[in-house]
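Each chain, written out:
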Amino acid sequence: ATRNVDVIHADFAPECLSLMQRRLPDLKWAQMDARALPLADASVSAVVEKGTMDALLRGGDDGWHCMLQQVIRVLKPGGRLLQVTDEPPELRLALLESFPWQVSFKEMSIDAGDYDVFYLFLLSPFLEGERERDGGRERWR
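Throughout this description, residue numbers start from 1 for each chain and increase along the sequence as written. Where totals are concerned, whole chains, interfaces and linings use all residues; where local detail is concerned, this predicted model gives features only for residues with pLDDT of at least 70, and gives and counts side-chain atom pairs only at 80 or more. No hydrogens and no water enter the side-chain calculation; it runs on all heavy atoms of the structure.

S.K.: Got a minute to help me understand the overall build of the protein chain in this structure?
M.R.: A run of H or I in DSSP counts as a helix once it spans at least four residues, and a run of E counts as a strand once it spans at least two, with each numbered from the N terminus. Scanning the protein chain from terminus to terminus reveals 4 helices and 8 strands. Of the regular secondary structure in the protein chain, the N- to C-terminal order runs β-α-β-β-α-α-β-α-β-β-β-β. When burial is assessed residue by residue, the protein chain has 28% of its 141 residues classed as buried. Put simply, of all contacts in the protein chain between residues at least 6 apart along the chain, 56% involve residues at least 24 apart. Carbon and sulfur atoms make up 51% of the accessible area of the protein chain, which totals about 9,600 Å². For the exposure calls, accessible area comes from a 1.4 Å probe over protein chains only, and a residue counts as buried if that area is under 20% of its type's maximum, exposed if over 50%, partly exposed in between. Only heavy atoms enter the contact rule, under which two residues are in contact if any of them lie within 4.5 Å. Where accessible areas are quoted, they stem from the Shrake-Rupley method and a 1.4 Å probe; at the residue level, only the protein chains shown are allowed to cover.

S.K.: Sorry, what's going on with the sheet that holds strand β6 (residues 117-125) here?
M.R.: Two orientations exist for strands paired in a sheet by backbone hydrogen bonds: parallel and antiparallel. Pairing between strands is defined by DSSP: at least two bridges between them are needed. Pairing is mixed across the open sheet formed by 4 strands, whose spatial order is β3-β4-β6-β5. Since the sheet does not close on itself, it has two edges, and those belong to β3 (44-50) and β5 (101-109), each with one partner. Put simply, the sheet's adjacent strands are angled 15° from each other on average, direction ignored. To obtain an axis, a line is fitted to C-alpha atoms, over the contacting stretch when the element is a helix, and the angle between two such axes runs from 0 to 180 degrees between their N-to-C directions. The strands touched by helix α3 (residues 63-74) are β3, β4 (75-85) and β5; relative to β4, the strand with the most contacts, the crossing angle is about 145°. Running over the sheet, helix α4 (residues 89-96) touches β4, β5 and β6 and is turned about 15° from β6.

S.K.: Explanation requested: the environment of Ile-8 in the structure shown.
M.R.: Along the polypeptide, Ile-8 turns up in the segment before β1 (9-11). Residues Ile-8 and Val-47 lie 39 residues apart in sequence; the distance between their C-alpha atoms is 9.7 Å.

S.K.: Could you clarify how one ought to interpret the pattern of salt bridges in this entry?
M.R.: Pairing of side chains with opposite charge becomes possible as their charged atoms draw close. Salt bridges, as used here, are contacts in which a Lys or Arg side-chain nitrogen is within 4 Å of a carboxyl oxygen on Asp or Glu. For the coordinates displayed, the defined rule picks out 5 salt bridges. Of the charged contacts in the structure, one is a salt bridge between Arg-92 and Asp-54, with a shortest N-O distance of 2.2 Å. Remark: Asp-54 occurs in helix α2 (residues 52-58) and Arg-92 occurs in helix α4; sequence separation between them is 38 residues. According to the relative accessible area criterion, Arg-92 is buried, its value standing at 0%. Its relative accessible area of 6% is what places Asp-54 among the buried residues.

S.K.: Could you clarify how one ought to interpret unusual backbone geometry in this entry?
M.R.: Despite not being glycine, Ala-42 shows a phi value in the positive range, around 50°. Secondary-structure assignment places Ala-42 in the loop between β2 (29-31) and β3.

S.K.: Quick question: what am I supposed to make of the side chain of Glu-87 here?
M.R.: Among the secondary structure elements, Glu-87 is positioned in the loop between β4 and α4. Under the rule applied, a polar contact is a pair of N or O atoms within 3.5 Å (in protein, one hydrogen donor and one hydrogen acceptor; residues adjacent in sequence only if both atoms are side-chain atoms). There is a polar contact of 2.9 Å between the side chain of Glu-87 and the side chain of Arg-92.

S.K.: I keep staring at the packing of aromatic side chains and nothing clicks. Help me out?
M.R.: For any two aromatic rings, the description comes down to two numbers: the centre-to-centre distance and the angle of the planes. Pairing of aromatic rings covers Phe, Tyr and Trp, the last counted by its six-membered ring, and requires centre-to-centre distances within 6.5 Å; plane angles under 30 degrees mean stacked, over 60 mean edge-to-face, and any other angle means tilted. Summed over all chains, the structure comprises 3 aromatic pairs. With a centroid separation of 6.3 Å and an interplanar angle of 75°, the aromatic rings of Trp-64 and Phe-99 are classed as edge-to-face. Here Trp-64, found in helix α3, pairs with Phe-99, found in the loop between α4 and β5; they are 35 residues apart in sequence, far enough to count as distant. Taking relative accessible area as the criterion, Trp-64 reaches 14% and is therefore assigned buried. Accessibility expressed as a relative area gives 6% for Phe-99, which makes it buried.

The following block contains the structure:
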């Protein structure tokens, strides 16, 4: 079966976009601020984020929080967020789990010079009515 998939490659920095457009001209590129996504509510099936939350966390403000709120807003029911980061679960999980979603992660190893270990976090927002309180902890049904 053929699926109609629209993929948008986005970055905040115009310089990065210009470079990537020259390297990969056949792809669709757009300048976007992850803290204020110019996308309709529930319009996206999946978001892949590599390093954006890392940069926002290092910025020292609540930009990472705004980004995650925006992702939840634009994801369709059943949508997913995939994060790629060098930040281990002991640093990242508490932040991610402060939002209403199920989080799973996997450590990956590659031989890539400076970073030989990275982490994949898969986030699935809770659907309406799927969250329960159980002794102060949220459970996935």
